[in-house]
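# Observations on the three-dimensional arrangement
Residues per chain are reported as follows:
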Amino acid sequence: MCKILLLLEHKENRRLLSEWLKTRYEVFSPDFDDELSSLQQSFDLCILGGRALDRYSHWLQTTKKAQEPLFLPFLLVTYRRDVGMVTRHLWQTIDELIITPVEKVELQARVEMLLQRRQLSLELKIANKNLQEINEIKTRFISIASHEIRNPLHTISAFAQILLHRSSEKLTEEKKQEFYEKIKIYVKKITDILDDILLLSIGELGKQKINPASINLTKFCQQLIEEVELINNNKVNLLGKDKYINAWIDEKLLRHILTNLLTNAIKYSPKDSPIDLELISNESEVIFQIKDQGIGITSEDQQHLFESFYRASNVGNIPGSGLGLAIAKQCVDLHQGKIAVKSEVGVGTTFTVTLPIGNTQS
């Protein structure tokens, strides 16, 4: 509801106008003798009299300027004989003028027009902010393309040159196959980065509907771990696999969640450091805990972890796009689940994802 500030010196006029406006808007009206410089409450429109304009002109100008570039309207209600007296302040702060006696129809029309202009300026501010965010995303994408995509491309190019070069005839079939596999791995890394960027940049995840299906989670996690180990060449331990856990979950979204969390755990842990994925379930929920003994995350960084393109301050030269956790969080939200993190720098990190077992809503 729009807020209107009344600054009228005549108490009875202030009371009558306040009662009439309160049927449509939120109205507050301090006593005329109050000190307005300490006024903390925000408003969308100020209706004031001639004496108020003269008395509080400095406060009005300061308040209006502080709102720029937002439009903050001021409507002057005054007698015709007093227009000349307030002329020196008139166009510095006033957006509309009504001569008393006031017609309710005219007043309502002026109020609505001013509030519409106010609303349009608010929408324009939001649009500008969104545009700035899009530009920031483009800038960050260029940065990612320069670092995260260029390096794998160089590696792919190097392996391809070796295989195409005449000296490749001296390579054993086993060595050639090794190079082919490495090329496939680096191609998948590039594809994964581009897929992540597309998911967030076009808002695909936010528009996506959840498509739950019955999944054997133990089998699903075992297969996923095999895929992650093949690409990252690290060992992941599956805990709780002795239990048969079945749930209604969107398999595609769950793959995004666990792949990103496991990949991060491996990426930010020493080589051959243990990575654990534990499955826990009860009657209504399934819990996935991914635990590592890696570099850890500072408490300050933990507050921003799920923001797009955000990377922790202690990652150093470890490559990454800063998109994985943002995608994981959105996938968890689509399931109406929860994701939490506990971490200590130099000790390790545990991510806990809790999803409802029977969430079949789309």
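Per an unreviewed UniProt entry, the protein chain goes by the name histidine kinase and belongs to Plectonema radiosum NIES-515. Listed under Catalytic activity (unreviewed entry) in UniProt, the entry text for the protein chain is "ATP + protein L-histidine = ADP + protein N-phospho-L-histidine."

## A closer look at the packing of aromatic side chains
Applying the stated criterion to the full structure yields 3 aromatic pairs. An angle of 80° between the planes, with centres 6.1 Å apart, marks the rings of Phe43 and Phe74 as edge-to-face. One end of the pair, Phe43, is in the loop between β2 (26-28) and β3 (45-49); the other, Phe74, is in strand β4 (residues 74-78), with 31 residues separating them in the sequence. The class of Phe43 is buried, set by a relative accessible area of 6%. Phe74 sits in the buried class, given a relative accessible area of 0%. These aromatic residues form a ring-pair network of at least three members: Phe43, Trp59 and Phe74. Sitting above the plane of the Phe71 ring, Arg117 keeps its charged end 4.1 Å from the centroid.

## Comments concerning the pattern of salt bridges
In this structure the tally under the stated criterion is 13 salt bridges. The partner of Arg15 in a salt bridge is Glu19, with the nearest N and O atoms 2.9 Å apart. One end of the pair, Arg15, and the other, Glu19, are both in helix α1 (residues 11-21), 4 residues apart, so they sit about a helical turn from each other. You can call Glu19 partly exposed: its relative accessible area is 46%. One salt bridge in this structure joins Arg110 and Glu96, with 3.3 Å as the shortest N-O distance. Of the two residues, Arg110 sits in helix α5 (residues 104-164) while Glu96 sits in strand β5 (residues 96-99), which places them 14 residues apart along the sequence.

## Quick notes on the sheet that holds β5
In spatial order, the strands read β2-β1-β3-β4-β5; together these 5 strands make up an open sheet with parallel pairing. The outermost strands of the open sheet, each flanked by one partner alone, are β2 and β5. Direction aside, neighbouring strands of the sheet carry axes that sit 20° apart on average. Here β4 pairs with β5 via 4 bridges, running parallel. Within β5, the position partnered with Leu75 by the bridge is Glu96. Running at roughly 170° to strand β1 (residues 3-7), α1 makes contact with β1, β2 and β3 of the sheet.

## Quick look at the nonpolar core
Counting 41 residues, the largest nonpolar core has Leu217, Leu258, Leu262, Leu277 and Phe288 as the members making the most contacts within it. Examining the composition of this core, we find that 8 residues originate from one element, helix α9 (residues 251-267), more than from any other. If sequence neighbours within four positions are ignored, Leu258 has contacts with Phe220, Cys221, Leu224, Phe288 and Ile290. Judged by nonpolar contacts, the second largest core, of 18 residues, contains Leu8, Tyr25, Val27 and Val111.

Definitions and cut-offs
Residues numbered from 1 in each chain as written. Predicted model: local features only at pLDDT ≥ 70, side-chain atom pairs only at ≥ 80, totals over all residues. Heavy atoms only, no water. UniProt positions renumbered as here; feature names shortened; annotations may be inferred. Phe/Tyr/Trp six-rings, centres within 6.5 Å; stacked < 30°, edge-to-face > 60°. Helix = DSSP H or I, 4+ residues; strand = E, 2+ residues; numbered from the N terminus. Buried < 20%, exposed > 50% of the residue type's maximum accessible area, 1.4 Å probe, protein only. Lys NZ or Arg CZ within 6 Å of the ring centre and 35° of its normal. Salt bridge = Lys/Arg side-chain N within 4 Å of Asp/Glu carboxyl O. Pairing = 2+ DSSP bridges. Axes fitted to C-alpha atoms, helices over the stretch in contact; angles between N-to-C directions. Contact = heavy atoms within 4.5 Å. Core = buried A, V, L, I, M, F, W, Y, C linked by side-chain atoms within 4.5 Å.

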